[in-house]
Each structure stands twice: as structure tokens, then as C-alpha cells.
Amino acid sequence: MTVLESFYLGIDFGTSGARAIAIDSLGQIIAETRCQYRSDAPNADDWKHTLWTLLDQIPGNVRHQIGAISINGTSATVLLCDRNHRPLTPPLLYNDARGGIPAVAPVSSPAHSATSSLAKALWWLKYLPDNTLTQAQYLVHQADWLSSLLHGHPGISDYNNALKLGYDPQHLTYPDWLQTLEIGPWLPRVLAPGDVIAPIQPEVAQRFNISPTCLIKAGTTDSIAAFLASGASRPGDGVTSLGSTLVLKLLSPIAINDTASGVYSHRLGQQWLVGGASNTGGAVLRYYFDDAELRNLSQQIDPTQTSGLDYYPLLTKGERFPINNPQLEPQLSPRPQAPAKFLHGLLEAMARIEALGYQKLMALGSGDVKQVYTAGGGAQNTAWQQLRSQALGIPIVPASHTEAAYGTARLAAGLIQLN
Ligand SMILES: Nc1ncnc2c1ncn2[C@@H]1O[C@H](COP(=O)(O)OP(=O)(O)O)[C@@H](O)[C@H]1O
Ligand SMILES: O=C(CO)[C@H](O)[C@H](O)COP(=O)(O)O
């Protein structure tokens with residue numbers, strides 16, 4: 001009897017859509033697919049529809065050889081669920097600052113932020129009607145909830161997604177100040193990314209002709225998955241995710257947290273990913289240009305010339321990093337007649353924000369940034385890369401893979417040692 005080789009599926013849920021990549025045990029890509037959300041303001045049902053669509057789009061013979069699946073999502077995107085893990089409200093996304101800074105979280109905690117998962121949980125506790133709150137059992141993140149559709153166990157997260165809830169990745173536990181809050185019973189169980197959660201549910205295995213022995217493994221966040229995809233591996237390696245947002249991750253032997261500037265550290269095995277997430281990025285570009293226009297107009301930009309414009313590109317008020325200011329207003333004027341000049345100003349500003357971000361990390365003691373990899377939809381833009389290189393003054397090196405889904409597939413394949 002021939003033993004079929006196992007493949008490993010990583011699924012990346014980002015802001016505008018999701019991607020799935022299947023790899024073999026050596027990390028070779030066997031299949032990949034993508035699916036835009038069917039709504040500009042996707043809810044959990046839209047995410048579920050996207051998950052099933054991605055699984056349907058993986059070729060049947062590959063699907064049948066999948067031995068493990070892991071999912072990453074956007075960080076601090078949260079759902080409040082009932083005892084059957086059904087969402088009680090629409091999700092609150094990663095950049096939603098309605099809750100304000102939770103004073104109960106120590107200033108040193110990444111949960112001490114207006115956009116943290118904790119801030120959103122406390123907002124729900126304060127503003128949801130009692131008949132909803134009485135049904136609340138689980139507070140989970142986008143990746144946690146989507147994974148539970150596959151494994152069937154509610155309330156399970158990972159120490160990357162749980163960071164902005166207030167989980168302590170140093171001691172691998174919830175601190176007492178968090179556990180004793182009224183939301184304490186909602187807190188999810190926390191595993192390490194890549195840990196086995198459970199086998200796939202039989203009915204899901206049957207629906208997609210996936211082996212019933214396929215294991216669902218704990219995931220991570222999108223920017224960490226991008227780091228795991230890039231090939232970055234040494235202290236001083238940075239990865240910039242140019243997706244809908246602009247997210248920096250720098251590998252460091254020490255954790256650094258500075259909530260005043262939106263800097264926090266994720267655990268990665270025995271090392272730390274120091275960084276932050278800005279609200280600038282591709283979502284601002286997509287508001288003004290479609291992908292074809294971005295490609296065509298970028299070719300008209302001379303990166304050796306300055307645009308003469310001084311933007312801070314945001315779609316709405318509020319910034320997380322390197323300026324942590326929920327009141328920061330967008331700066332997008334004057335807008336030149338020529339679209340290419342406008343785009344030049346936007347890309348130049350985002351390159352400046354990225355450089356400020358890495359300078360902030362080094363000023364806080366991260367150690368020198370030695371080289372920077374790039375991930376996300378913006379990684380393909382060579383004009384932007386030249387503007388970034390000039391602003392950074394640090395080499396930008398080609399990433400092995402620019403899709404976060406590849407990093408999550410490596411997690412599923414057990415190719416990343418985190419214990
Ligand atoms: N040629 C390009 N130059 C710069 N940005 C681009 C280009 N093509 C696509 N993008 C940007 O990439 C973003 C999508 O990247 P992606 O990694 O899928 O983001 P996310 O997962 O956060 O939605 C879009 O916001 C789009 O503006
Ligand atoms: O901007 C975002 C959406 O892409 C998220 O905030 C991003 O995931 C950054 O958070 P983390 O550093 O926790 O991964």
C-alpha cells in the first residue's frame with residue numbers, strides 16, 4: 001500500500017481577504033489560493049464563507065493529503081461568543097479604539113491600549129444589554145474562532161493572539177489583575193502557536209474530503225505569520241508587513257514594551273518579536289487606487305526625487321505606532337492634480353513612518369536593525385522599496401515568501417520550533 005505524503009495548510013485571514021497555502025514537509029508550495037471577503041465590512045459569517053471557499057478551492061487530491069491546518073488572523077480582532085461558540089455581536093476589528101485605554105491594565109502591558117482586545121472586552125461589558133451579556137461565555141480572536149470551526153472546541157487561543165488581551169507571554173499565564181476581572185470567565189485557554197488543538201471535526205473532514213486524522217494546530221497573528229514566511233531568522237532581522245496596515249517586527253533577544261509609542265513584544269519560542277502596527281498602509285492606497293493603478297502609477301515615480309509633499313496617510317483619525325495617538329488626524333493635503341505625484345507623496349510618507357518605527361525600536365534598546373524583509377501586497381512595489389531603502393538607510397532584502405499564509409503553513413508543518 002503506498003503511503004501518501006502529508007501536506008500542511010496555512011490560512012491567512014487579513015483585512016481585505018484571505019489566502020491559503022499548502023506545503024510539503026520540505027516547505028515546497030503544493031497549492032495556493034486566495035479569496036476576497038464578500039463584504040467591505042466582513043463579519044464572522046463572511047469569514048466562515050471565506051474559509052469554506054478557500055478549502056473548496058484547494059485541489060481535492062491535495063486536500064485529501066493534508067495532515068495539519070493552522071490559521072492566522074488579524075491581531076486584537078475579537079468576537080464575544082455564547083456557549084456554543086456562536087458570536088453574540090459583530091466582531092470588533094484590530095484598529096477599533098472605541099473602548100479607550102483600559103486603566104486596569106498596567107502601563108507596561110500591551111493590553112494598555114485603546115485598540116487592545118481587553119479594551120474591546122471591557123467596552124462590551126459596559127455597553128452590551130444584559131440579555132446578551134448573560135449568554136457570553138467566550139472572548140476569542142478571529143483566528144481562534146475560525147480554527148474552532150474546524151476542530152469544534154470553543155475558547156482556545158495562542159500566546160500571540162492573546163497578548164493584547166493581557167496574557168503574559170513571559171510567564172505563560174494570565175496575570176491576577178486580569179483573571180479577577182468580571183470578564184475573567186471569558187478568557188480563552190492559551191497554547192503555543194503550532195501546538196496541536198485537536199483533530200478536524202468528522203463532519204468537516206467529510207465535507208471537504210480531508211483525512212479525519214488531520215490535526216488542527218494553534219495559529220498566530222498575521223504579522224507574525226509574515227515574519228515566519230520571510231526567512232528572517234537572526235536578531236536584527238526586521239520584517240515589514242505592507243498589507244492593509246504597516247506592521248513592523250524585529251527579532252530581539254529581549255522583550256521591549258513601550259505603550260506610549262505603541263511598541264510591544266510577542267514571544268517567539270525563546271526570542272521576542274519587538275514591533276508595532278501603524279494604521280497607515282495599503283488600505284489608504286486602496287481607497288484612492290486599485291491594484292492596476294498602483295502598478296502603473298508607481299512606474300511613473302522617480303524615487304530619487306522628493307515629492308515635496310508632507311503627508312501622514314490615514315483613512316480616519318487615530319494612529320497606533322510609532323505615534324500612539326487615537327486623536328491623530330490624517331494629513332493628506334495638498335492633493336496634486338497628477339495621480340502619480342499624489343501616490344509618490346503617499347508612498348514617501350509611509351516609508352518615512354516605517355523608518356521612524358524602526359528608529360523608535362532601536363532607541364528603546366532593541367539593538368541595531370541589520371536588514372529588513374518585506375511581506376504583504378505592497379512587497380511587489382519596487383518604487384516603494386527604493387523610497388523605503390532611502391528612508392531606512394538599511395538593506396531591504398528579498399523575502400523567501402511574502403505571503404503570511406506560507407508562515408502559517410510552516411507552523412502547521414512543525415517546521416518552526418517554538419518550545
Ligand atoms: N503594486 C502595489 N503597490 C503597493 N501596494 C499594493 C500594490 N498592490 C496591492 N497593494 C496593496 O496591498 C494591500 C493588500 O495586501 P494584503 O497583504 O492582501 O493585505 P491584508 O491582508 O492586510 O488585507 C492593499 O491594501 C493594496 O493597496
Ligand atoms: O494591523 C493589523 C492588521 O493587519 C494587526 O494589528 C496586526 O496583526 C498587528 O498586530 P500584531 O503585531 O499583534 O500581529
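Residues numbered from 1 in each chain as written. Chains lettered and ligands numbered in written order. Predicted model: local features only at pLDDT ≥ 70, side-chain atom pairs only at ≥ 80, totals over all residues. Heavy atoms only, no water.

Novice: Describe the sheet that holds strand S3 (residues 29-36), with residues and values.
Specialist: With mixed pairing, the six strands of this open sheet are ordered in space as S3-S2-S1-S4-S10-S9. Since the sheet does not close on itself, it has two edges, and those belong to S3 and strand S9 (196-199), each with one partner. The mean angle between the axes of side-by-side strands here comes to 20°, regardless of whether they run parallel or antiparallel. Relative to strand S10 (residues 215-221), S9 runs antiparallel, the two sharing three bridges. When the bridges of S10 are listed, Pro 199 appears paired with Leu 215. Running over the sheet, helix H5 (residues 142-151) touches strand S1 (7-13), strand S4 (66-73), S9 and S10 and is turned about 155° from S4. Lying on the sheet, helix H8 (residues 222-230) is in contact with S1, S4 and S10; it crosses S10 at an angle near 100°. (Pairing = 2+ DSSP bridges. Helix = DSSP H or I, 4+ residues; strand = E, 2+ residues; numbered from the N terminus. Axes fitted to C-alpha atoms, helices over the stretch in contact; angles between N-to-C directions. Contact = heavy atoms within 4.5 Å.)

Novice: Describe the packing of helix H10 (residues 291-298) against helix H11 (residues 339-363), listing the residues and the values that go with them.
Specialist: Interaxial distance between H10 and H11 falls to 9 Å at its minimum, and their mutual angle equals 95°. Between H10 and H11, the angle is such that the two are roughly perpendicular. From H10, Leu 294, Leu 297 and Ser 298 reach across to H11, where they touch Pro 339, Ala 340, Leu 343 and Leu 347. Here the residues of the contact of H10 with H11 sort into six nonpolar, one polar and no charged. (Parallel < 35°, antiparallel > 145°, perpendicular 65-115°, else oblique. Nonpolar A, V, L, I, M, F, W, Y, C, P; charged D, E, K, R; others polar.)

Novice: So what about the site of ligand 1? Which residues, and what values?
Specialist: Looking at ligand 1, there are 19 residues lining it, with Ser 16, Arg 19, Ser 244, Gly 282 and Asn 381 nearest. In this structure, an oxygen atom belonging to ligand 1 sits 3.0 Å away from a main-chain N or O atom of Gly 377. Contact with the protein chains covers 92% of the free accessible surface of ligand 1, which is 590 Å². Elements represented by at least two residues in the shell around ligand 1 include exactly helix H9 (282-288) and H10. Among the elements that take part in the shell around ligand 1, H9 stands out by supplying four residues, more than any other. Counted by class, the shell around ligand 1 contains four nonpolar, 11 polar and four charged residues. (Near = heavy atom within 4 Å. Polar contact = N/O pair within 3.5 Å; in protein donor to acceptor, adjacent residues only side chain to side chain. Areas by Shrake-Rupley, 256 points an atom, 1.4 Å probe, with all protein chains shown as cover.)

Shape is all these values report; function is a separate question.
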